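Spelled out, the chains give:
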Amino acid sequence: MDIQYVGEHLLPGQLGHFSLIIGLLAAFLTAFFYLQASRENPQDMSRWRNWARYAWYAHSFFIVLASVLLMYLLLNRYYEYRYVWVHVENDLGLGYLIASFWAGQEGSLLFWALCQVAIGLLLLRYAGRWENKVMSVVAFSQVFMSSMLLGITFFGQQIGSSPFTLLREVPENAVSEFFQNPHYLSLIVDGNGLNPLLRNFWMMSHPPVLFIGFALTLVPFAYALAGLWRKQYLEWIRPALPWTNLAIFFLGAGILLGGVWAYESLTFGGFWAWDPIENASLVPWLVLVAALHLMLVARKKQENLFPAFLFTFLSFIFVIYSTYLTRSGVLADTSVHSFGNDGMGNHILVYLFSLLILSVVVLIRNYRKLPSKDNEEPISKEFWLFIAAMVLVLSAFQIIFTTSIPVWNKIFGSELSPPADVVHHYNTWQLPFAVLVAVLMALAHFLKWGRTDMKKFLTSSALSFGLALATSVLIIFFSEVNQLAHRIFLFAGMFALFSSLDMLLRFRKTLANTPALISHLGIALFLVAIVLTFSQKDTISQNTSGYNLGEAFPANENLLLIKDEILPMGSYFVTYKGHRREGEDIFYQIDFLRKNNQGEYYKVFSSQPTIKLNETMGNVYNPYAKVYPGKDIFTYITFADVESHAGHTHAHEPKLLETLEMTRSDTISFENNLMVLSAIEAVDPEEDGSIIVEATIDVITHFGQEFQVNPRFALQGNSIHYHDDTIRELDYRFRFSEVSEKPFTIMVELYQEEPEFIIIKTIIFPYINLLWLSCIIMLTGFWMTFRKRWKTREAK
């Protein structure tokens, strides 16, 4: 007998699931109709193309409808749906509710498909004579994207995973007694919630911008395939160029936003940790940048088209491969970004190999027909642009090879281990590539298409070379760029920087392509900023507390701070002032101090790193960066008594050391200190009739420090109340516990306070804002280049 469940909202889910099925069918029909329209029969082409457009409009409608319905479920917190329950909770704000759309596997794939829908609609408007074949490829890709959202079983094989699956329909829940209860929904009071790592402004924008970049990378892939299909080996480049620039812009912006998120939310001390998923997003960008330059060379010289086709294809293939790495679970043990294995990996591999085989077969069939040239002029712009593109590709292949070690182990049954120190490994490998790219970029600015006169080349580049050399020497002399490799890297970046400026200022009217030079300027400044920032990164939180922190907290990187104690740290003094809880965040106030000429401390600024509480997924330690024009002071908590600070447990009770009997003027020794009972006085009665007796106790330490405490003993009716007094500097608490008749004798209980403390790590990043500025300049150049290419794109 079927269970009649109470309270479920089934209609939007059923409608959403139906929309995805019809959307898949419409995508298939679009691809089929465009293929028919591509047969070049003028009588039938128009009819088939119109049907294809109608099919794409239908596909677009149903993908948009599914997206709206999923957002409706999320905003209304319908926890009967697995996707909603996993990523939403009652206290989630509107912004994060929206971001939960792309927080999981199914939602992010739906968003990606939605982006490709929008791009397809733009192509209908602007592709012109390329529409039939380009849209055939886009629709073919969309068939795979849509199928990954089905979540149906076909001949025993699971096809995709639907965002509209009910929580009780998940296989592991189907046999649960909980879901046999018709009223189970009333027992679900809250959702699992959004991963606390994603609760950051930058993570609200990083994934969608990156997915837009992924979707845009499909367009040059489609144009390249269409160019081979139509035997128009050069003509495809012109309409593909603006889309390529736009894809580079969005991929770059997505990677940058991810770097800003990592810098603000993660505690590895930087913006790039060479995480496998970070690498997987960087590789398509590098390959696409290489493909862009190869397109420009091929278009200008009308030859050497094979590498332009090859790397344009590989840029999107690597997008799909990065999706496989992220969503197959193969990197679950090596990356914090990876999804678990839910069977999606094989589906993505079918998608990847389908497009890979298609592009390789078409490229091989046309290989002998591609224009080529046997001898290349070595002193020319096109030759060195080609070399620079190859360097970028080699850089990308080194990154993806190491990142794919878990894949190689899975394929070959090997037991290769990823690098123990991934940052050092990748930095060591990538530094020579970066130096070569910078030098080649600088030299290419002064080279001409075709043969370049060597004397003019040396004359025009001499100023940039000299300025780069002089500036590098000055920086090395006045800073701490000590390693030879870093010095070479600095010079290469400076050479690229000054050559870009030289072209913009001296040769702008005759030679310069201003948008491209601006992007080159940004890249050069980025390379310089990397050297200046990370070669001089300084961890100033050496432990000066005198406590042994153990192996888990290296003393050269971590500082233990007891509340209100002042300790030196770098050029500052620091003191921990306490914590406060606001919602699920615990804020820790750490004051950075300096001394004036009179030796008095004054506050320079307060750092407030936080710990975001999350019992389900674990607490997240968020750093705090104090931003100055020339540096950031980056601080985060490495240890705190979170349970106590969150209010889940009581703070440690003080330890009773001694109970002392004293009369007035008595002097008693304790722990190498002296304690003198100076006075016993009755305090004026309170309005409630309380009788209060106050003791005055002077404490003299073995260092000669003098303190005074005034513990009180209060009698209110039959109740006794103690008003303790403490010496925070010594962590002692004094309690006046008993009093006898004259001559007054009192009992003093001496406690050892358990001090509140935290352990922090503080890093100074010099010139980090120069790095952010360089990224903005670079992206501005890419956007300007897109605008320029768009205006000169092929007319209909």
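Residues numbered from 1 in each chain as written. Predicted model: local features only at pLDDT ≥ 70, side-chain atom pairs only at ≥ 80, totals over all residues. Heavy atoms only, no water.

(A) Structural view of the overall build of the protein. Of the regular secondary structure elements, the protein holds 21 helices and 23 strands. Taken along the three principal axes of its C-alpha coordinates, the protein extends 120 × 85 × 50 Å. Here the protein holds 796 residues, and 54% of them are scored as buried. At a minimum sequence separation of 6, the contacts of the protein that also span at least 24 residues come to 67%. (Helix = DSSP H or I, 4+ residues; strand = E, 2+ residues; numbered from the N terminus. Buried < 20%, exposed > 50% of the residue type's maximum accessible area, 1.4 Å probe, protein only. Contact = heavy atoms within 4.5 Å.)

(B) The arrangement of the side chain of His-445 in detail. By secondary structure assignment, the location of His-445 is in the loop between helix H16 (422-444) and helix H17 (454-478). When its relative accessible area of 8% is taken as the criterion, His-445 is described as buried. Leave out the neighbours within four places in its chain, and His-445 touches Lys-381, Ala-496, Ser-499, Ser-500, Met-503, Leu-517 and His-520.

(C) Broad picture of a nonpolar patch on the surface. Taken together, the side chains of Leu-25, Phe-28, Leu-29 and Phe-32 make up a nonpolar region of the molecular surface, amounting to roughly 360 Å² of accessible area. Turning to its location among the elements, Leu-29 is positioned in helix H1 (residues 10-37). By relative accessible area, Leu-29 is classed as partly exposed at 32%. (Patch = residues over 30% accessible without salt bridge, like charges linked within 9 Å, V, L, I, M, F, W, Y side chains within 5 Å. Areas by Shrake-Rupley, 256 points an atom, 1.4 Å probe, with all protein chains shown as cover. Salt bridge = Lys/Arg side-chain N within 4 Å of Asp/Glu carboxyl O.)

(D) View of unusual backbone geometry. The phi dihedral of Lys-231 is positive, around 60°, even though this residue is not glycine. Tracing the backbone through its elements, the reader meets Lys-231 in the loop between helix H9 (201-229) and helix H10 (237-265). Judged by relative accessible area, which is 44%, Lys-231 ranks as partly exposed. With phi around 60°, Tyr-767 is a residue other than glycine that occupies positive phi space. With respect to the helices and strands, the residue Tyr-767 is situated in the loop between strand S23 (757-766) and helix H21 (768-791).

(E) Molecular detail of the environment of Leu-497. Relative to the assigned elements, Leu-497 resides in helix H18 (residues 484-505). C-alpha of Leu-497 to C-alpha of Ala-485: the two residues are 12 residues apart in sequence and 18 Å apart in space. Sequence-distant contacts of Leu-497, that is, excluding residues within four places in its chain, are made with Leu-521, Ala-524 and Leu-525.

(F) Quick peek at the packing of helix H11 (residues 276-301) against helix H12 (residues 305-327). It is the contact of H11 with H12, at a shortest axis distance of 8 Å, that shows an interaxial angle of 165°. Relative to H12, H11 is oriented roughly antiparallel. Crossing handedness for the pair H11 and H12: left-handed. Along its contact with H11, which presents Ile-277, Ala-280, Val-283, Pro-284, Val-287, Leu-288, Ala-291, Leu-294, Met-295 and Ala-298, the element H12 presents Leu-305, Pro-307, Ala-308, Phe-311, Thr-312, Leu-314, Ser-315, Phe-318, Val-319, Ser-322, Leu-325 and Thr-326. Of the residues assigned to the contact of H11 with H12, the class counts are 18 nonpolar, four polar and no charged. (Axes fitted to C-alpha atoms, helices over the stretch in contact; angles between N-to-C directions. Parallel < 35°, antiparallel > 145°, perpendicular 65-115°, else oblique. Left-handed = near helix turned anticlockwise from the far one by under 90°. Nonpolar A, V, L, I, M, F, W, Y, C, P; charged D, E, K, R; others polar.)

(G) View of the environment of Arg-49. With respect to the element layout, Arg-49 can be found in helix H2 (residues 42-75). Residues Arg-49 and Val-481, 432 residues apart in the sequence, show an inter-C-alpha distance of 62 Å. The contact partners of Arg-49, leaving out residues within four places of it in the chain, are Tyr-34, Ala-37, Glu-131 and Asn-132.

(H) Molecular detail of the nonpolar core. Leu-123, Phe-221, Tyr-223, Trp-236, Trp-285, Phe-309 and Leu-325 are the most contacted members of the largest nonpolar core, which totals 191 residues. Ignoring sequence-local partners within four residues, the contact set of Phe-221 consists of Val-137, Thr-312, Phe-313, Phe-316, Ile-317, Leu-355 and Ser-359. Grouped together as the second largest cluster of nonpolar side chains are 23 residues, Ile-633, Val-642, Ile-758 and Ile-764 included. (Core = buried A, V, L, I, M, F, W, Y, C linked by side-chain atoms within 4.5 Å.)

(I) Looking closely at the pattern of salt bridges. All told, the structure shown has 12 salt bridges when counted by the stated rule. For Asp-564, the salt bridge identified is with Lys-577, shortest N-O distance 3.4 Å. On the criterion of sequence distance, the pair formed by Asp-564 in the loop between strand S4 (559-562) and strand S5 (566-569) and Lys-577 in strand S6 (residues 572-582) is long-range, its members being 13 residues apart. What makes Lys-577 partly exposed here is its relative accessible area of 38%.

(J) Structural view of the packing of aromatic side chains. Enumeration according to the criterion identifies 58 aromatic pairs in this entry. On the basis of an interplanar angle of 75° and a centroid distance of 6.1 Å, the ring pair of Phe-178 and Tyr-184 is categorised as edge-to-face. The exposure class assigned to Phe-178 is partly exposed, which follows from its relative accessible area of 33%. Ring geometry for Phe-221 against Phe-316: centres 5.6 Å apart, planes inclined by 50°, an arrangement best described as tilted. Here Phe-221, found in helix H9, pairs with Phe-316, found in helix H12; they are 95 residues apart in sequence, far enough to count as distant. In terms of burial, Phe-221 and Phe-316 fall into one category: buried. Joined through ring pairs, the aromatic side chains of Tyr-126, Trp-243, Phe-249, Phe-250, Trp-783, Phe-786 and Trp-790 make up one cluster. Stacked on the ring of Trp-48, the Lys or Arg Arg-47 has its end atom at 5.4 Å from the ring centre. (Phe/Tyr/Trp six-rings, centres within 6.5 Å; stacked < 30°, edge-to-face > 60°. Lys NZ or Arg CZ within 6 Å of the ring centre and 35° of its normal.)

(K) Representation of the environment of Gln-483 within the structure. Relative to the helices and strands, Gln-483 is located in the loop between H17 and H18. Gln-483 sits 52 residues away from Ser-535 along the chain, and the two C-alpha atoms are 8.5 Å apart.

(L) Region of the structure containing the side chain of His-520. By secondary structure assignment, the location of His-520 is in helix H19 (residues 514-534). Setting aside chain neighbours within four positions, we find His-520 in contact with His-293, Met-441, His-445 and Ser-500.

(M) Structural detail: the pairing of strand S17 (residues 706-709). Because side chains alternate across S17, one face comprises the buried residues Phe-707 and Val-709, and the other comprises Glu-706 and Gln-708, none of which is buried. In this sheet, S17 lies alongside strand S16 (residues 691-700) in antiparallel orientation, the contact comprising four bridges. The residue bridging Asp-698 from the neighbouring strand is Gln-708, located in S17. Connecting S16 to the next strand, S17, in antiparallel fashion are five residues, including Gly-704 with a positive phi near 90°. (Pairing = 2+ DSSP bridges.)

(N) Quick peek at the packing of H11 against helix H14 (residues 381-403). Across the interface, H11 lies against H14 with an axial gap of 9 Å and an inter-helix angle of 160°. Between H11 and H14, the angle is such that the two are roughly antiparallel. The hand of the H11/H14 crossing is left-handed. Of the residues in H14, those touching H11 at Pro-276, Asn-279, Leu-282, Val-283, Leu-286, Val-287, Val-289, Ala-290, His-293, Leu-294, Val-297 and Lys-301 are Glu-382, Leu-385, Phe-386, Ala-389, Met-390, Leu-392, Val-393, Ser-395, Ala-396, Ile-399, Ile-400 and Thr-403. Taken together, the residues that form the contact of H11 with H14 break down as 18 nonpolar, four polar and two charged.

(O) Layout of the pairing of strand S21 (residues 732-739). Here strand S20 (residues 725-727) pairs with S21 via three bridges, running antiparallel. Across the sheet, residue Asp-725 finds its bridge partner in S21, namely Phe-734. Following S20, the chain reverses through four residues before pairing antiparallel with S21; Asp-731 in that reversal takes a positive phi of roughly 60°.

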